[in-house]
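# Structural overview
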Amino acid sequence: MSLPLPLALVLILAGVWTLIVWPPFLRRILADPRARDESGRATRFMTVHLMLISTSMVLGLATAIIGIRAAIG
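Residues numbered from 1 in each chain as written. Predicted model: local features only at pLDDT ≥ 70, side-chain atom pairs only at ≥ 80, totals over all residues. Heavy atoms only, no water.

### Some details on the nonpolar core
Defined as follows: As used here, the term nonpolar core means buried Ala, Val, Leu, Ile, Met, Phe, Trp, Tyr and Cys residues forming a set that is joined through side-chain atoms within 4.5 Å. Buried residues are those whose accessible area, probed at 1.4 Å on protein chains only, stays under 20% of the maximum for their type, while exposed residues exceed 50% and partly exposed ones sit between those limits. The secondary structure listing takes helices from DSSP runs of H or I that are at least 4 residues long and strands from runs of E that are at least 2 residues long, numbered from the N terminus. Residue contacts follow a heavy-atom distance rule, with two residues in contact if any of their heavy atoms lie within 4.5 Å.
One finds Ile 29, Ala 35, Phe 45, Met 46 and Ile 53 forming the largest nonpolar core, which totals five residues. Among the elements that take part in this core, helix H2 (residues 44-72) stands out by supplying three residues, more than any other. When neighbours within four sequence positions are excluded, Met 46 is seen to be in contact with Leu 30, Ala 35 and Arg 36.

Below is the structure:
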């Protein structure tokens, strides 16, 4: 199956956007007082957000790779 270049570029853009947007959000989550309890252990707030961010970044990377492969091949 081949993908038209404009659609491949949309995939690349979506993947790059995801990889740019999520790291600053991660920094804000890590600095949030709700991220750790009184003992310094990670809370559910942090755990849920880490899973959300890591899943989104993996999917963003996969999207960008698919777009790049479609654009060049």
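Still to come is the rest of the account.
### Examining the environment of Ala 64
Its place among the elements puts Ala 64 in helix H2. Residue Ala 64 is classed as buried on the basis of its relative accessible area of 7%. A sequence separation of 58 residues divides Ala 64 from Pro 6, and the C-alpha atoms of the two residues are 13 Å apart. Those residues in contact with Ala 64, other than ones at most four positions away along the chain, are Leu 11, Ile 12, Gly 15 and Val 16.

### Describing the side chain of Ser 56
Tracing the backbone through its elements, the reader meets Ser 56 in helix H2. Assessed through its relative accessible area of 17%, Ser 56 is described here as buried. In contact with Ser 56, other than residues within four places in its own chain, are Thr 18 and Trp 22.

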